[in-house]
Amino acid sequence: VTDAAETTATLPGRLSTKRLTSQEDVHMRQEYTFEDCPVGIETEPIEEVLSRETVLWYAHALDTPNDDWYRYGSPLGEPIVPPAVLRTVGMGMRTIRISAPGGNVNAGTAVEYKKPVKVGTKISARGKLTEKYEKRGKYYTVWEFTVRDEGGDEVMVIRHLQCALPAGQKVQYR
């Protein structure tokens, strides 16, 4: 999901396109400064049915050795959803943004994949700001996103570290 109003992706060898709408089209985004965003704040819950069309689009884009698991059938019998889809839905639908005059940088992401999800499953995702701190003049936030299946079971937990640069600071390359 991008900050643009929408992105259209065309897959090679296919006649159709899939429209990916941005988070702003789905939910209103709350914007905070680092100082004003309280630890413990939660994002709005997001629910989405992981359709066969969505899974096939990702499977084609990812081109992984387990493509057949996502397209035809997995060791569980039915096709399953690629973990990258769960991660994208879990993190990509954030409804809270920390404004940073110098920009935001992904400082790290850890993903715990707990359970396979079958194609067609309705999932829900919710995020929470679990920690924030300042280090060497930069502001860091730690977000934890939990993705659950329609039975309420955790299927993925994502910990995301974001660095917000204050005014006057830029990313420096070594």
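Just above, that's the structure.
Below is a summary of the structure that appears in this document. (Residues numbered from 1 in each chain as written. Predicted model: local features only at pLDDT ≥ 70, side-chain atom pairs only at ≥ 80, totals over all residues. Heavy atoms only, no water.)

Observations regarding the packing of aromatic side chains
- Under the definition given, this model contains four aromatic pairs.
- Ring geometry for tyrosine 133 against tyrosine 140: centres 5.2 Å apart, planes inclined by 15°, an arrangement best described as stacked.
- Overall, tyrosine 133 belongs to the partly exposed group, its relative accessible area being 29%.
- Taking 6.3 Å as the distance between ring centres and 20° as the angle between the ring planes, the aromatic pair formed by tryptophan 143 and phenylalanine 145 counts as stacked. (Phe/Tyr/Trp six-rings, centres within 6.5 Å; stacked < 30°, edge-to-face > 60°. Buried < 20%, exposed > 50% of the residue type's maximum accessible area, 1.4 Å probe, protein only.)

Some details on the environment of lysine 118
- Among the structural elements, lysine 118 can be located in the loop between strand 6 (104-113) and strand 7 (122-135).
- Taking the C-alpha atoms as reference, lysine 118 lies 6.0 Å from proline 79; in sequence the two are 39 residues apart.
- Other than its neighbours up to four places away in sequence, lysine 118 contacts Glu78, Pro79, Ile80 and Val81.
- Polar side-chain contacts of lysine 118 include one of 3.3 Å to the side chain of glutamate 78. (Helix = DSSP H or I, 4+ residues; strand = E, 2+ residues; numbered from the N terminus. Contact = heavy atoms within 4.5 Å. Polar contact = N/O pair within 3.5 Å; in protein donor to acceptor, adjacent residues only side chain to side chain.)

A short note on the pairing of strand 7
- Bridging between strand 4 (residues 46-49) and strand 7 involves four bridges; their strand directions are antiparallel. Bridge assignment links glutamate 47 to a residue of strand 7, and that residue is serine 124.
- One ladder, built from 11 bridges, connects strand 7 with strand 8 (residues 138-148); its direction is antiparallel. Directly across from lysine 135, in strand 8, lies its bridge partner lysine 138. (Pairing = 2+ DSSP bridges.)

Digging into the environment of tyrosine 139
- As for its placement among the helices and strands, tyrosine 139 is situated in strand 8.
- With a relative accessible area of 18%, tyrosine 139 lands in the buried category.
- In this structure, tyrosine 139 is in contact with Phe34, Glu35, Tyr133, Glu134, Gln162, Cys163, Ala164 and Pro166, ignoring residues within four places of it in sequence.

Some remarks on the pattern of salt bridges
- Under the definition given, this model contains nine salt bridges.
- Notably, a salt bridge pairs glutamate 42 with arginine 126, separated by 2.7 Å at the nearest N-O pair. Remark: arginine 126 occurs in strand 7 and glutamate 42 occurs in the loop between strand 3 (30-32) and strand 4; sequence separation between them is 84 residues.
- Assessed through its relative accessible area of 37%, glutamate 42 is described here as partly exposed.
- For arginine 126, a relative accessible area of 36% gives the class partly exposed.
- Across the pair glutamate 47 and lysine 122 runs a salt bridge, and its minimum N-O distance is 3.3 Å. On the criterion of sequence distance, the pair formed by glutamate 47 in strand 4 and lysine 122 in strand 7 is long-range, its members being 75 residues apart. (Salt bridge = Lys/Arg side-chain N within 4 Å of Asp/Glu carboxyl O.)

All we've got here are geometric facts, nothing functional implied.
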